[in-house]
Amino acid sequence: MEKTKKPSAKINYIYNISYQLFAIIVPLITTPYISRVLGADGVGVYSYTYSIVNYFLIFAVLGTAVYGTKRIGTFQDNREERNKEFWETFILRIILTIIMIIIYYIYVVTFAENKFIAAIQGIYLLGTGLDISWFFQGIEDFKKITIRNLIIKVINVIYIFTFIKTADDLWKYILGLAVFTVLGNLIMWINIRRYVDFKKIKGLKPFKDFKQVLELFLPTIATQLFAIIDKTMIGAFSIDSKENGYYEQAYKIVTMSLIIITTLGTVLVPRIAKAFADKNIEKVKTYLKKSYKFVWLLGIPMLFGIIGVIDVFVPVFLGDGFDKVKIILPILSLLYIPMGMNYMTGRQYMIPTNQQDKYNKLLIIGGVINVVVNFILIPKYFAIGAAIGSVSGELFVLYLSMRYLIKTKQYSLKGFIKDIYIYCISGFIMFGVLLFMKRIISYNLLGLLLLVIAGAIIYLVLLILLKEQIVMEQLNNIKNKLFNLKNKISKA
């Protein structure tokens, strides 16, 4: 039995948060530039064509990413079983990807309006087939994923500022994003021989758990529908591509910052799968409770912060021609709490504990709510209607999932409600200070930075004064480390 040395969940989270912070910083640099160079129309064309190829990407992946992570996590200390699980999952992904590539290019030739752009977008499908990041998540080696992503992000930034100069360079922009995705997935193969054997394995059955893969696929497609179908319907009902451009940039800003919250769920999936396999249910529930607190801890200041600085943020960050984002972004910022909570409930808890059937039903209901609201509101309100649809769907899933967990006694709100008010009070006071500061600052980059920094400091200080549990634990950890360091220095 091979014993794989794993870094702690805290170390994995640091790796992930380091990359995710970088993933936030990069769009902070590139989004203002792309918005000004390509304009709302160019961004809209990218958004709509990418939403179409995403349907094919979803079916190329099915539920193999979550399935692979879960299975590799279960057998992470058994090289022989781990090896078999890797090749079965990878072969299944390759077969599905080839099928989707063929179908997609049939669509491009026969139905796509902008065939050239659509053909370029199809490169993403190749990258999906080669992606093995799910394996490294399963063995909890987040360091390699982080390094890979950092390298690709840096190259991508250099490419954008070097080659994207005018609105006519839209195709170059899309090509770069797609090609670098493929390149990033290829890089992961450099280290795979350390963990996987490249030899003939008897008895491979890539379709042995296909039913389970399909079950895991349902939450994936339902989650993606919240974002993808919105953009597709906006493109279908609106006169030009600008509405998609408004929605794309607003949604990107929300999901960009939401990454910080969902990173914790990604890191803990293998641990929860292992704890559940060991029948340590209390440990699993402890992870869930802490995760929910983490969502509120970060979600509340994001929500109040976006609404508080919106009229300064949009013109400074996106430039001229994106005024409608001032309406769309505050609506979408309501997603922080429900989307974060739903991610933790599904990906971190219900799927690793073999409750994906129930979670699938919850997500499908939420997806239906989203689509129905879209059909009612998008024809009249376009991007604003899509934003309301997304929020409605996520809120409904949150309500149903909490109701289910409490009813089945898997979760209790007792002892948790009292923590929520701390975040709400702190966020509301921060919001009030931001409104006051906007009266005395200039509406420029410096003014925006002052608002963001002041808001973060005010929120943190309030949490310390109110003795919020997570913050106080981290402060005590820092204090203990400084004390130990002081003792080591004094003894030296």
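Read on for a plain summary of the structure. (Residues numbered from 1 in each chain as written. Predicted model: local features only at pLDDT ≥ 70, side-chain atom pairs only at ≥ 80, totals over all residues. Heavy atoms only, no water.)

**Observations concerning the nonpolar core**
The condition that has to hold: Put simply, buried Ala, Val, Leu, Ile, Met, Phe, Trp, Tyr and Cys residues joined by side-chain atoms within 4.5 Å make one nonpolar core. Burial classification: accessible surface area is computed with a 1.4 Å probe over protein chains only, and a residue below 20% of its type maximum counts as buried, one above 50% as exposed, and the rest as partly exposed. Labels follow the DSSP assignment, with helices taken as runs of H or I lasting at least four residues and strands as runs of E lasting at least two, numbered in each case from the N terminus.
Tyr247, Ile328, Leu329 and Leu332 are the most contacted members of the largest nonpolar core, which totals 82 residues. Per-element tally for this core: the top contributor is helix H11 (residues 281-317), with 19 residues. Counting residues in hydrophobic clusters, the runner-up holds 30 residues, among them Ala60, Met100, Tyr159 and Ala178.

**Looking at the pattern of salt bridges**
Applied cut-off: Any Lys or Arg side-chain nitrogen located within 4 Å of an Asp or Glu carboxyl oxygen qualifies as a salt bridge.
Counted according to the given criterion, the structure contains 10 salt bridges. Where Asp197 meets Arg79, a salt bridge forms, and the shortest distance between an N and an O atom there is 3.0 Å. In this pair, Asp197 is assigned in the loop between helix H8 (170-187) and helix H9 (210-237) and Arg79 in helix H3 (residues 79-110), connecting sequence segments 118 residues apart. Residue classification places Arg79 among the partly exposed positions, given a relative accessible area of 21%. Each member of the salt-bridge network shares a partner with another, and the members are Arg71, Glu85, Glu88, Lys208 and Asp209.

**Side note on unusual backbone geometry**
Look at Phe382: it is not a glycine, yet its phi comes out positive at around 55°. Its location among the elements puts Phe382 in the loop between helix H14 (356-381) and helix H15 (383-407). One non-glycine residue, Lys467, adopts positive backbone phi at about 55°. Along the chain, Lys467 falls in the loop between helix H17 (445-465) and helix H18 (469-491). Under the relative-accessibility criterion, Lys467 is labelled exposed at 62%.

**Section: the packing of helix H7 (residues 142-163) against H8**
For clarity, the threshold we go by: Each axis is a line fitted through C-alpha atoms, taken for helices only over the stretch in contact, and angles between the N-to-C directions span 0 to 180 degrees. Should an angle lie under 35 degrees it is considered roughly parallel, over 145 roughly antiparallel, and from 65 to 115 roughly perpendicular; all remaining angles are considered oblique. When the near helix sits turned anticlockwise from the far one by under a right angle, the crossing is termed left-handed; a clockwise turn instead gives a right-handed crossing. Any two residues whose heavy atoms approach within 4.5 Å are treated as being in contact. When residues are grouped by polarity, Ala, Val, Leu, Ile, Met, Phe, Trp, Tyr, Cys and Pro land in nonpolar, Asp, Glu, Lys and Arg in charged, and all others, Gly among them, in polar.
The interhelical angle for the contact between H7 and H8, taken along N-to-C directions, is 160°, at an axis separation of 10 Å. Compared by their axis directions, H7 and H8 come out roughly antiparallel. Of the two possible hands of crossing, H7 and H8 adopt the one that is right-handed. Of the residues in H8, those in contact with Arg148, Ile152, Ile155, Asn156, Tyr159, Ile160 and Phe163 of H7 are Lys172, Tyr173, Gly176, Leu177, Phe180, Leu183, Gly184, Asn185 and Ile187. Along the lines of polarity and charge, the residues of the contact of H7 with H8 split into 10 nonpolar, 4 polar and 2 charged.

**Observations concerning H14**
Threshold: Helix span, as expected, comes to 1.5 Å for every residue beyond the first. Values of bend correspond, residue by residue, to the angle between axes fitted over the seven residues ending at that residue and the seven starting there.
For H14, with 26 residues, the first-to-last C-alpha span of 35 Å sits near the 38 Å given by 1.5 Å per residue. By the largest-angle criterion, Phe375 marks the main kink of H14, which is about 35°, and a proline, Pro379, follows within four residues. The first or second residue beyond H14 is Phe382, which carries a positive phi of 55°.

**Quick word on the packing of helix H12 (residues 325-332) against H15**
In the contact formed by H12 and H15, the axes pass within 9 Å of each other and the chain directions differ by 5°. Put simply, H12 runs roughly parallel to H15. Facing Ile327, Ile328, Ile331 and Leu332 of H12, the residues of H15 in contact are Ala383, Ile384, Ala387, Ile388, Ser390 and Val391. For the contact of H12 with H15, the residue count by class is 9 nonpolar, 1 polar and no charged.

**Quick word on a positive patch on the surface**
Quick reminder of the rule: Like charges within 9 Å and nonpolar side chains (Val, Leu, Ile, Met, Phe, Trp, Tyr) within 5 Å are joined into patches, using only residues over 30% in relative accessible area that form no salt bridge. For every accessible area listed, the method is Shrake-Rupley and the probe measures 1.4 Å; residues are considered covered only by the protein chains on display. Charged residues are defined here as Lys and Arg on the positive side and Asp and Glu on the negative side; His and the ends of the chain fall outside this count. Lysine's charge is taken at NZ, arginine's at CZ, aspartate's at CG and glutamate's at CD.
A contiguous patch of positive charge, built from Lys358, Lys361, Arg403 and Lys407, is present on the exposed surface. Secondary structure elements with two or more residues in the positive patch: H14 and H15. Note that Arg403 resides in helix H15.

**A closer look at a nonpolar patch on the surface**
Taken together, the side chains of Tyr421, Ile425, Ile429, Leu445, Leu449, Ile453, Ile457, Val461, Leu465 and Leu466 define a hydrophobic patch exposed on the protein surface, amounting to about 940 Å² of accessible area. Residue assignment for the nonpolar patch shows that the elements contributing at least two residues are helix H16 (417-437) and H17. Top contributing element to the nonpolar patch by residue count: H17, with 6 residues. Relative to the helices and strands, Ile429 resides in helix H16.

**A few points about the packing of aromatic side chains**
Formally: Classification of ring pairs rests on two measures: the distance between centres of Phe, Tyr or Trp rings, Trp counted by its six-membered ring, which must be within 6.5 Å, and the angle between planes, read as stacked under 30 degrees, edge-to-face over 60 and tilted in between.
For the coordinates displayed, the defined rule picks out 34 aromatic pairs. For the ring pair Phe86 and Trp189, a centre distance of 6.0 Å and an interplane angle of 70° mean the geometry is edge-to-face. A residue pair is termed long-range when its members are at least 10 positions apart, and Phe86 in helix H3 and Trp189 in the loop between H8 and H9 qualify at 103 residues. Of the two residues, Phe86 and Trp189, both sit in the buried class. Relative to Phe428, the ring of Phe304 lies with its centre 6.3 Å away and its plane at 80°, an arrangement referred to as edge-to-face. Here Phe428 lies in helix H16 and Phe304 lies in helix H11, a separation of 124 residues in the sequence. Phe304 gets classed as buried once you look at its relative accessible area, which sits at 17%. Three or more aromatic residues joined by ring pairs form one cluster here, namely Phe86, Trp87, Phe90, Trp134, Phe135, Phe136, Trp189, Tyr195 and Phe198.

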